[in-house]
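Inside the fold
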Amino acid sequence: MTLPKGYGSGGRRSGGGGGEGSRDDIERMIGRRVENMNGIYILGFALCWAATAGGVYVGVAVYPWAYPLPSGIYALSVLTVIEALGFFFIMKIAHEKPARA
C-alpha cells in the first residue's frame, strides 16, 4: 500500500515521497484501533439509554393522559432490548479478527 509523504520507508524522518508502509505506519496514520475504544462504546450506550429513559420519563410525567405508566414501562423495556442488541453487535464487530489474504 502506498502511503502519503512522511509515512513508511523510515517513518517521519525519511522526508521522501510516499513508499510502502508497514502495518505500524498504517495504524499510526489512521489513528486508534477500534479494539481499544471500549470506553467510548460503553459511554455511548449509557448515554443512549439515559436519553431513552429521560424521554419515557417526560412522556409519563408530563403527558400521563397520552402516555400512561404501563405503556412507558413497556416502551422502556423494548427500547432497552433493542439498544442492548445494538451494543452487542458493535462490540462483536469491533473485536473481530481481521481477515488476512
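Residues numbered from 1 in each chain as written. Predicted model: local features only at pLDDT ≥ 70, side-chain atom pairs only at ≥ 80, totals over all residues. Heavy atoms only, no water.

1. Focus: the side chain of Thr 52
- With respect to the secondary-structure elements, Thr 52 resides in helix 2 (residues 38–62).
- Accessibility expressed as a relative area gives 14% for Thr 52, which makes it buried.
- Within polar-contact distance, the side chain of Thr 52 engages the backbone oxygen of Cys 48 at 3.0 Å.
- Beyond its immediate stretch of four places on either side in the chain, Thr 52 contacts Leu 76, Leu 79 and Glu 83. (Helix = DSSP H or I, 4+ residues; strand = E, 2+ residues; numbered from the N terminus. Buried < 20%, exposed > 50% of the residue type's maximum accessible area, 1.4 Å probe, protein only. Polar contact = N/O pair within 3.5 Å; in protein donor to acceptor, adjacent residues only side chain to side chain. Contact = heavy atoms within 4.5 Å.)

2. Details of helix 3 (residues 69–94)
- An ideal rise of 1.5 Å per residue puts 38 Å on 26 residues; helix 3 measures up with 37 Å between its terminal C-alpha atoms.
- Restricting attention to buried positions, one finds in helix 3 the residues Gly 72, Ala 75, Glu 83, Met 91 and Ala 94.
- Where helix 3 is buried, its residues meet helix 2. (Expected span 1.5 Å × (residues − 1).)

3. Thoughts on the packing of helix 2 against helix 3
- Relative orientation of the contacting elements helix 2 and helix 3 amounts to 165 degrees, with a least axis distance of 10 Å. Between helix 2 and helix 3, the angle is such that the two are roughly antiparallel. In the crossing of helix 2 with helix 3, the sense of the turn from one axis to the other is right-handed. In this structure, helix 2 uses Asn 38, Tyr 41, Ile 42, Phe 45, Cys 48, Trp 49, Thr 52, Ala 53, Val 56 and Val 60 to contact helix 3, whose residues at the interface are Leu 69, Gly 72, Leu 76, Leu 79, Thr 80, Glu 83, Ala 84, Phe 87, Ile 90, Met 91 and Ala 94.
- A breakdown of the residues in the contact of helix 2 with helix 3 according to their chemical character gives 16 nonpolar, four polar and one charged. (Axes fitted to C-alpha atoms, helices over the stretch in contact; angles between N-to-C directions. Parallel < 35°, antiparallel > 145°, perpendicular 65-115°, else oblique. Left-handed = near helix turned anticlockwise from the far one by under 90°. Nonpolar A, V, L, I, M, F, W, Y, C, P; charged D, E, K, R; others polar.)

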